[in-house]
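# Report on the structure
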Amino acid sequence: MAFAAASSAIVIGLSGHPVRIEARLSPGGHGFHLTGLPDTTAAGIRDRVRAAIVNSGYDWPPERITVTVLPSGIPAYSSALDVAIAVAILAGSGKIPLKRLSHTAFLGELGLDGAIRQIRGLSCAMRTLVTSGIRSIAIPRGHASQEIRCAVIAAGSLTELVDRLNSDAPAPAPTPSDSTRGPALDLTDLPGNHAARHALEVCAAGGHHLLLIGDGPATMLAERLPGILPPLDDASLAEVAEIYALTETPRRRRRPPLCAPHYTNTAAAIFGRHAAGRFRPGAVSLAHAGVLFLDQAPEYARSVLDGLRMPLETGEIVLASWQGVMSVPARFQLLLASSPCACSGANTCRCGPVERHRYLNRLAGLRERIEIIAPIDPIDCNAQPGEPSSTVADRVAAARARAAHRLAGTPWRTNAQIPPSELRTSHRLDADALDPLESHLHAGALTPSTLTRILRLAWTLADLRAAHRPTRDDTQHALRLWHGEPA
Ligand SMILES: [Zn+2]
């Protein structure tokens, strides 16, 4: 069986959504099946794609072809996907090198004669793709947009596009955001999503753990978290370098690491392995002093989600082998993202509160450790660009400096590390600030451990305001962040 995947995007209303097209060509049968789109749309696309490929002079593959559009349930106006579907099929049948599909996305409608036609919302779709990390985009000829920073392959027809993909054109120059020495991925690339951006800033300032819920650019936000965190100090830099020296990719950068293992990874890949005297660090250690990002968090194996509790509690992971026991640093900030339900918010979703609760409840074992829950929305291309990462990083650095000054002479450096005993003594809040929490506590809605985490969060909010102590507003704000309620 042959397999090829191509990236594309669609625009619904004013927001763009990345789309992945997967084509499988299997021997036996001649069908062309298209799943993930409404039947009426699928029929039109099948007709256009088949006619365009044949009329462009390519043989229609003799295999059974199954094309899957992900996420499923995209509404009817999806002619923007024609070119990506045709390219995936042609790559699956060996007409286009598979590697040319890995960093390029495809936008355009196909005419029956193989012409590539303009689509509605092209700039918005392009912006969505660039912010999702795509470096080059194939678009209909004559519609390049100057404002979007990426390499463009403009083609008027399918044959022209296939020729361009087969020519040995040099790979597109990396945009500044890809450069390892230049500025990192920036928050300005991420318009809208105010609640999620605010949550990211608070989590960076206090060292708190965060859960993002919704169908939006969670990976983009995660990739931008290291850019607003303070650079690694000498001690952390040395520890991280030591851990990475055990892998094939040594690391000596000041920027905190981000490790994002996929949910199909084994527990050994997540936690590390110790065998035959050799230690292979897992994701929890590769994220040491940085960020561990789990996208689609409820999909991870129960053993993985439960296993995270140990490093979250102790900052290290203990691996046992026949030679004995060894402990490895694994102190990371946890960033989780989840769709509201198992069907990824697809348009066909009919999940009610019960299904949604059941899905997110897979994270129940980690709930106590997550200080902030925030909603995440699809990219809104009409929203104003957000603040640059440098501005947010300055506020984070100032807040961290306040906390470090207050905690001077203690083993703790961030608010997330302040122990309960300190919160009752040196970090005790006045009665007015505590009042919103007392009522929850008396109503049994807060456990003592939850209270500890909300108090730490209130200190971070005060530090971000450059205030001496948290006020009633801060504790109320912290409560809302804890519950994932709108600000
Ligand atoms: Zn659903």
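Right, let's talk about the sheet that holds strand 10 (residues 210–213) for a bit. In spatial order, the strands read 11-14-17-10-18; together these five strands make up an open sheet with parallel pairing. Strand pairing shows two members of the sheet lacking a second neighbour, strand 11 (258–259) and strand 18 (372–375), which therefore form its edges. With four bridges joining them, strand 10 and strand 18 adopt parallel strand pairing. Looking at strand 18, one finds that Leu 210 is bridged to Ile 372.

This part is about the packing of helix 2 (residues 82–92) against helix 4 (residues 158–166). For any two helices packed against each other, one specifies the crossing angle of their axes together with the interaxial distance. Where helix 2 contacts helix 4, the axes come no closer than 12 Å and their chain directions differ by 55 degrees. Comparing the axis directions of helix 2 and helix 4 gives the class oblique. Crossing hand, helix 2 versus helix 4: right-handed. Two secondary-structure elements touch here, helix 2 through Val 83, Ala 86, Val 87 and Leu 90 and helix 4 through Leu 158, Leu 161 and Val 162.

For the protein chain, mean pLDDT is 87; residues scoring 70 or higher make up 93% of the total. Within the model, the stretch residues 169–183 combines pLDDT values under 50 with 14 contacts to residues more than four positions away or in other chains.

The way to describe two aromatic rings as a pair is by their centre distance and the angle between their planes. Going through the model one piece at a time under the given rule, you end up with two aromatic pairs. Ring geometry for Phe 32 against Trp 60: centres 5.3 Å apart, planes inclined by 50 degrees, an arrangement best described as tilted. In this pair, Phe 32 is assigned in strand 3 (residues 32–35) and Trp 60 in the loop between helix 1 (39–55) and strand 4 (64–70), connecting sequence segments 28 residues apart. Residue classification places Phe 32 among the buried positions, given a relative accessible area of 6%.

Take Ser 338: it is sitting in strand 17 (residues 333–338). If we ignore the near neighbours within four places in the chain, the residues touching Ser 338 are Leu 211, Leu 212, Ile 213, Gly 214, Pro 298, Tyr 359 and Leu 360.

The subject of this paragraph is the pattern of salt bridges. Taken as a whole and assessed by the stated rule, the structure comprises 18 salt bridges. Between Glu 22 and Arg 20 there is a salt bridge, with its nearest N and O atoms 2.7 Å apart. Between Asp 432 and Arg 472 there is a salt bridge; the shortest N-O distance is 3.0 Å. Of the two residues, Asp 432 is situated in helix 16 (residues 431–442) and Arg 472 in helix 18 (residues 472–483); the sequence distance between them amounts to 40 residues. Classification of Asp 432 by relative accessible area gives partly exposed; the value is 46%.

What follows deals with the domain arrangement of the protein chain. Its domain assignment divides the protein chain into domain 1 (2–176) and domain 2 (209–370). On a C-alpha basis, the centres of domain 1 and domain 2 stand 32 Å from each other.

Leu 107, Leu 210, Leu 212, Leu 225 and Leu 335 are the most contacted members of the largest nonpolar core, which has 64 residues in total. Among the elements that line this core, the one with the most residues is helix 17 (residues 448–464), at seven residues. Not counting chain neighbours up to four residues away, the residues in contact with Leu 225 comprise Leu 200, Cys 203, Ala 204, Val 291 and Leu 335. The next biggest cluster of nonpolar side chains, apart from the first, holds 43 residues, and it includes Leu 37, Val 69, Ile 153 and Leu 161.

Definitions and limits used
- Within each chain, residues carry numbers counting from 1 in the order of the written sequence.
- Local features in a predicted model are, by the rule used here, given only for residues with pLDDT of at least 70; side-chain atom pairs are given and counted only at 80 or more, and totals for whole chains, interfaces and linings are based on all residues.
- By convention in this description, side-chain values take in all heavy atoms of the structure and omit both hydrogens and water.
- In this scheme, strands are said to pair when DSSP sees at least two bridges between them.
- Under the DSSP-based scheme used, a helix requires at least four consecutive residues in state H or I and a strand at least two consecutive residues in state E, with every element numbered from the N terminus.
- Lines are fitted to the C-alpha atoms to define the axes, a helix being fitted only along its stretch in contact, and any angle between axes, read from their N-to-C directions, falls within 0 to 180 degrees.
- Between 65 and 115 degrees an angle is taken as roughly perpendicular, under 35 as roughly parallel, over 145 as roughly antiparallel, and anywhere else as oblique.
- The hand of a helix crossing depends on one turn: near helix anticlockwise from the far one by less than a right angle means left-handed, and clockwise means right-handed.
- Any two residues whose heavy atoms approach within 4.5 Å at even a single point are treated as in contact.
- The predictor attaches a confidence to each residue, and that confidence, scored 0 to 100, is pLDDT.
- Classification of ring pairs rests on two measures: the distance between centres of Phe, Tyr or Trp rings, Trp counted by its six-membered ring, which must be within 6.5 Å, and the angle between planes, read as stacked under 30 degrees, edge-to-face over 60 and tilted in between.
- A 1.4 Å probe rolled over the protein chains alone gives each residue an accessible area, and that area as a share of the maximum for its type sets the label: buried under 20%, exposed over 50%, partly exposed in between.
- A carboxyl oxygen of Asp or Glu within 4 Å of a side-chain nitrogen of Lys or Arg is what we treat as a salt bridge.
- Boundaries between domains were set according to an automatic or database domain assignment.
- What makes a nonpolar core is a set of buried Ala, Val, Leu, Ile, Met, Phe, Trp, Tyr and Cys residues whose side-chain atoms join them at distances within 4.5 Å.

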